[in-house]
There are 2 protein chains.
Amino acid sequence: MHTPETDQIPAVLIVGSMAFDDLELPSTSATDVVGGSATYAALAASLFAPARVVAIVGRDFPESTFAELRGRGVDMQGVIRADGRTFRWSGRYASDLSSRTTLDTQLNVFAHFRPKLPAAYQDSQIVLLGNIHPELQLEVLDQVRAPRIVAADTMNYWIDGERPALLRVLARIDTLIINDEELRQLAGQHNIRLAARAVQELGPQRLIVKRGEHGALLFDETGVFVVPAFPLDTEIDPTGAGDTFAGALLGHLATRLTNDAPDLRLSLLTAAAVASFCVQGVGTTRLTALDRSQLAERISELRSLIDVRD
Amino acid sequence: MHTPETDQIPAVLIVGSMAFDDLELPSTSATDVVGGSATYAALAASLFAPARVVAIVGRDFPESTFAELRGRGVDMQGVIRADGRTFRWSGRYASDLSSRTTLDTQLNVFAHFRPKLPAAYQDSQIVLLGNIHPELQLEVLDQVRAPRIVAADTMNYWIDGERPALLRVLARIDTLIINDEELRQLAGQHNIRLAARAVQELGPQRLIVKRGEHGALLFDETGVFVVPAFPLDTEIDPTGAGDTFAGALLGHLATRLTNDAPDLRLSLLTAAAVASFCVQGVGTTRLTALDRSQLAERISELRSLIDVRD
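A brief look at the structure comes next. Fair warning: this is a prediction, and the values are worked out from it, not measured in the lab.

1. Describing the interface of chain A and chain B
For step 1, the next point in the chain: Across the contact, 29 residues belong to chain A and 29 residues belong to chain B.
For step 2, the next point in the chain: Put simply, the parts of the chain that give the side of chain A that touches chain B at least two residues each are helix H7 (192-200), strand S13 (223-227), helix H9 (264-278) and helix H11 (292-305) of chain A.
For step 3, the next point in the chain: With four residues, S13(A) is the single largest residue contributor to the side of chain A that touches chain B.
For step 4, the next point in the chain: Residue composition of the side of chain A that touches chain B, grouped by class: 14 nonpolar, five polar and ten charged.

Here it is in structure tokens:
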């Protein structure tokens, strides 16, 4: 969606997974759905800014997805195509989509992933560390010369099993994107406000707490912001919605770096709008079909959700 | 908190319970706590407007509570003092306050409650039907000559067991206050937007969906509004917070009736602010200690939660 004049916009460096997902959804089932955190994040970021991806895929990953991403201004030279099969996740969603069960995870080529940044990526100013092993997140950071915004996602698996490495990640990032249960687990504190304060003391000054159908909370230097979630009347597939949110957020922030007062709140609303489309189709289908006017309308609807006049 | 010049503000008629609560809270336990939906709602409404209560208590109910309510401009002539003991509820809250278990309910004098409006109440323009048997809600409505705003609360117990009577209530009210699970149960529909639409078709054009720590949603003729909940760092006792929210909402709406464009959204923010104080003390303690400047500050904090500038 960005145009030639966006060449002045700094690129968003994204590290994460590219995957096949097998999905058992309330309304349908689908196999071999192209997904992965880097795929969703790159598609979303590319609505606003150039993106650069660091990931690994197997021989079975479709060339057409590479072509589609490149067509959207995504630099794919950091994606390794290795001998073997692509990472695969299978999951079953509850009938109300509020929870999901992992049925199977096959790491495949991802088991040997060591992120190696092409030279052209090393000047990246904006970095999104997708939800991968914190040691790999650190390896990526080590290869970026002077990042201005570093956001990371993480999950219960790393909070439980790789806390020392995760703490080193937290000390080096400015923005943590995490869901509410994971925040509580990380902080060892149920109260969301106290938990946020405890995690901010570990490093990230900006904390974005995802709350599923309830939207998200931002804790930052200006206080707290409630990011509303649009109450959708069709919800098909939440897979990748969090990665879409993160990618759109960083992409939109990239466009604001040229401003004197980048408004994180507006970027969050925009990211929530993009993520809401992700849920409305299986895999990336709705996201790739999104056009500028639909997005503008959804952002306007989200703003109206929190509009108060005296 | 209202002053002599508020005498022009129409009174809010409140029907509900007055009770003793025995509370097992994460931080403390307390017995014989004065509570009940009408008590909380009247205290909250009286911050903004005169209130009138229809309820029943036993001989054991403290005269000091009557005196306190009267001192706040609450008309108590609709409260019957009957032979016997006051309604009593005991409950235990989960350690994170997100759920509670009823340990015991003793209806006592409430078992024979037939609401009878004093003649002076029959001109009430604003009516809050607290969460009691829908047949009793209807009896109250039958005694009000020309109400302008009628809001009702209800619960799973009536949705399951008294649906025909509840449907007759819904056909006669303009505002339904309900929590998200109850809305889904009432509509037989999980999707919150579709459920809201289905319930609006049963009568109430304004639907306020309470979502606990996630705040509330308003569905009305202007669309959807996200009522934020202030993320508190001390949460003591959620008992009565929903009734406080409803009472404050109707009280604040009463003050807006004199305006050309009453802003329901602003009233909802105000109600959320008042309810947030309720949670910060056992029973009604924090609510009765609330002063005007604290409330103004909390409302301002809530507004900042949803403030977006371009």
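2. Considerations on the relation of the copies chain A and chain B
For step 1, the next point in the chain: When chain A is brought onto chain B, the operation consists of a screw motion whose angular component is 180° and whose axial shift is 0.0 Å, with 0.0 Å RMSD remaining. The two molecules are tied by a two-fold rotation axis, judged by turn and shift. Taking C-alpha positions as reference, the residue of chain A nearest the rotation axis is Ile306(A), located at 2.9 Å.
For step 2, the next point in the chain: A shared interface surface links the copies, since 100% of the contact residues of chain A are contact residues in chain B too.

3. Some details on the sheet that holds strand S2 (residues 19-24) of chain A
Strand pairing in a sheet relies on backbone hydrogen bonds, with the paired strands running either antiparallel or parallel.
Residues and elements named next belong to chain A.
For step 1, the next point in the chain: Read from one edge to the other, the open sheet built from four strands follows the order S3-S2-S6-S7, with strand pairing classed as mixed. Looking at the sheet topology across the chains shown, the edges are occupied by strand S3 (29-35) and strand S7 (100-106). In this sheet, neighbouring strand axes are inclined to one another by 20° on average, regardless of whether the strands run parallel or antiparallel.
For step 2, the next point in the chain: With six bridges connecting them, strand S6 (residues 88-93) and S7 associate as antiparallel partners.

4. Quick look at the environment of Gly71(A)
Residue and element names in this part refer to chain A.
For step 1, the next point in the chain: Relative to the elements of secondary structure, Gly71 occurs in helix H2 (residues 63-71).
For step 2, the next point in the chain: Residue classification places Gly71 among the exposed positions, given that 9 C-beta atoms sit within 10 Å.
For step 3, the next point in the chain: Along the chain, Gly71 and Ser46 lie 25 residues apart, while their C-alpha atoms are 9.9 Å from each other.

5. As for the sheet that holds strand S11 (residues 206-210) of chain B
Residues and elements named next belong to chain B.
For step 1, the next point in the chain: Strand order in the open sheet made by the nine strands is S5-S4-S1-S8-S9-S10-S11-S12-S13, with mixed pairing throughout. Each of the sheet's edge strands pairs with one partner strand only, and the pair in question is strand S5 (74-81) and strand S13 (223-227). Between one strand axis and the next, the sheet turns by 15° as a mean value, whatever way the strands run.

6. Focus on the packing of helix H9 (residues 264-278) of chain B against helix H11 (residues 292-305) of chain B
Residues and elements named next belong to chain B.
For step 1, the next point in the chain: Direction vectors running N to C along H9 and H11 enclose 120°, while the axes themselves pass 9 Å from each other. When you trace H9 past H11, the crossing you get is right-handed. Counted together, Leu269, Thr270, Ala272, Ala273, Val274, Ser276 and Phe277 of H9 and Leu295, Arg298, Ile299, Leu302 and Arg303 of H11 form the full contact between these two elements.
For step 2, the next point in the chain: By residue class, the composition of the contact of H9 with H11 is eight nonpolar, two polar and two charged.

Conventions we followed
Residues numbered from 1 in each chain as written. Chains lettered and ligands numbered in written order. Predicted model: local features only at pLDDT ≥ 70, side-chain atom pairs only at ≥ 80, totals over all residues. Contact = placed C-beta atoms within 7 Å. Helix = DSSP H or I, 4+ residues; strand = E, 2+ residues; numbered from the N terminus. Nonpolar A, V, L, I, M, F, W, Y, C, P; charged D, E, K, R; others polar. Least-squares fit on C-alpha atoms with pLDDT ≥ 70 in both. Pairing = 2+ DSSP bridges. Axes fitted to C-alpha atoms, helices over the stretch in contact; angles between N-to-C directions. Buried ≥ 20, exposed ≤ 12 C-beta atoms within 10 Å, placed from the backbone. Left-handed = near helix turned anticlockwise from the far one by under 90°.

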